[in-house]
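Read off the chains here:
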Amino acid sequence: MNEQWIQFANEIKKMYGKDVVPLHEPTFDEKEIEYVTECIKTGWVSSVGSYVTRFEEELAKFVGAKRAVAVVNGTAALHIALKIVGVQENDEVLMPSLTFVATANAASYLGAIPHFVDVSYETLGMDPIKLNKHLEEIGVLRNGQLYNKQTGRRIAAVVPMHTFGHPVDLDGLLEVCDKFNLVLVEDAAESLGSYYKGKHTGTFGKVAAFSFNGNKIVTTGGGGAIVTNDDALADYAKHLTTTAKIPHRWEYVHDEIGYNYRMPNINAALGCAQLEKIKVFLRKKKVLTEKYEQLICNLEGVQLFKQPLNSESNYWLQTLILEDSLNRNKVLSFLNDNGVMSRPIWQPLHELKMYKNNPMMEMNTTMQLKQKIVNIPSAPIL
Ligand SMILES: *Cc1c(COP(=O)(O)O)cnc(C)c1O
């Protein structure tokens, strides 16, 4: 790596004022200490307490959805989101191969089969044109339900993911869903604060899942949420994630196999303090993007990925797109050796051993992007 790269690494360290710059880290102040301390002092740290309801209400309000149900993590949110829209054992669920493994695992927990779709260069997310072509080839509608001609299985849902916070082409995907009678469930784990045509991501599908893991834009330590405009689905999600217990002052009666997925009050307290600052985080992420744009000018063979057309991204993770002249692993080892924590995109899921025999379409763009993407430090600078 040449002089320009050494300068690039040094500028990043200077910008953050650190010798070793993490990829992402949470930002806390007195508010988090105050709310969490209150939980500890009053004893309301666990499954009962007012912060959970407050977090759910404030989250729903922020994204402009009717309801939010807080849960233990984003994976649990995806699991329940898929269950409440009716995904069943042996159904196929369409999703990008280029996503975090949780998207596929959540479908697998229900006995459903992830069916992998290629992504587009414009959004880094599911490509609606390729998806449409693929479904025209392999799909058949019977009694209003889509089936995979090659496997004989029902195709139940489409789960796009807003990669690194950049919204997918939702209009395109909604059109495909409409044409093939498919339910849209958004994996919005990375896209809190991201908008498509002025409307918050996670409000386009029937249900969406968000994550508040420690590395996400807003954290509850660990946490997630199911978001929907459908009251009946939200009520069902709440019921399922609280062990399916029928509310009663003392009786313990459960009416189906539920899950202990509820978010503890102490985590929700952290989340309430974080949500109060989200606008600041979003603004700082934009400033960081502008700074990186300037720094990247001096680097040959590199582009900074910018938000797609019609959308406003939260720029959760900053993304370098390398041209063929640059070797991804060389860039990664140079940056990590020089105190700038960086990582590649996930191994495409269709290459993992548990998913390698799953149904999928051609993966040209996914396989190209895998060699080109490097994420660089993205925490908002204070
Ligand atoms: C973070 C993430 C999840 C899961 O969230 P957890 O809270 O870590 O369980 C799911 N999908 C994507 C794309 C993610 O980035």
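The structure displayed is predicted, hence computed values, not measured ones.

## A closer look at the pairing of strand E5 (residues 145-148)
Two elements, strand E4 (residues 139-142) and E5, share 4 bridges in a ladder whose sense is antiparallel. Of the residues in E5, the one forming a bridge with Leu141 is Leu146. Between the end of E4 and the start of E5, which pair antiparallel, lie 2 residues, with Asn143 showing a positive phi angle near 50 degrees.

## Observations regarding the pattern of salt bridges
Tallied over the entire structure, the rule returns 22 salt bridges. Linking Glu276 and Lys31 is a salt bridge whose minimum nitrogen-to-oxygen distance equals 4.0 Å. You can see Glu276 sitting in the loop between helix H9 (265-275) and helix H10 (278-296) and its partner Lys31 sitting in helix H2 (residues 30-42), a full 245 residues away along the chain. A relative accessible area of 40% places Glu276 in the partly exposed class. By relative accessible area, which is 30% here, Lys31 ends up partly exposed. The shortest N-O distance in the salt bridge between Glu351 and Lys370 comes to 2.9 Å. Of the two residues, Glu351 is situated in the loop between strand E15 (343-344) and helix H12 (364-370) and Lys370 in helix H12; the sequence distance between them amounts to 19 residues.

## With respect to the side chain of Thr99
Mapped onto the elements of the fold, Thr99 is located in the loop between strand E2 (92-96) and helix H5 (102-109). Of the residues examined, Thr99 reaches a relative accessible area of 1% and is grouped as buried.

## Side note on the sheet that holds strand E12 (residues 302-304)
One open sheet holds the 4 strands; their spatial order is E12-E14-E16-E15, and the pairing between them is antiparallel. Pairing within the sheet leaves two strands with one partner each, and these edge strands are E12 and E15. In terms of strand pairing, E12 meets strand E14 (residues 318-322) through 3 bridges, oriented antiparallel. Directly across from Val302, in E14, lies its bridge partner Leu322.

## Thoughts on the packing of helix H1 (residues 3-16) against helix H11 (residues 328-337)
Two elements in contact, H1 and H11, have axes whose closest approach is 10 Å; the angle formed by their N-to-C orientations is 45 degrees. Of the possible angle classes, the one that applies to H1 and H11 is oblique. Crossing handedness for the pair H1 and H11: right-handed. Where H1 approaches H11, its residues Trp5, Ile6, Phe8 and Ala9 are matched on the opposing element by Val331, Phe334 and Leu335. Its residues assigned to classes, the contact of H1 with H11 shows 7 nonpolar, no polar and no charged.

Thresholds, definitions, all that
Residues numbered from 1 in each chain as written. Predicted model: local features only at pLDDT ≥ 70, side-chain atom pairs only at ≥ 80, totals over all residues. Heavy atoms only, no water. Pairing = 2+ DSSP bridges. Helix = DSSP H or I, 4+ residues; strand = E, 2+ residues; numbered from the N terminus. Salt bridge = Lys/Arg side-chain N within 4 Å of Asp/Glu carboxyl O. Buried < 20%, exposed > 50% of the residue type's maximum accessible area, 1.4 Å probe, protein only. Axes fitted to C-alpha atoms, helices over the stretch in contact; angles between N-to-C directions. Parallel < 35°, antiparallel > 145°, perpendicular 65-115°, else oblique. Left-handed = near helix turned anticlockwise from the far one by under 90°. Contact = heavy atoms within 4.5 Å. Nonpolar A, V, L, I, M, F, W, Y, C, P; charged D, E, K, R; others polar.

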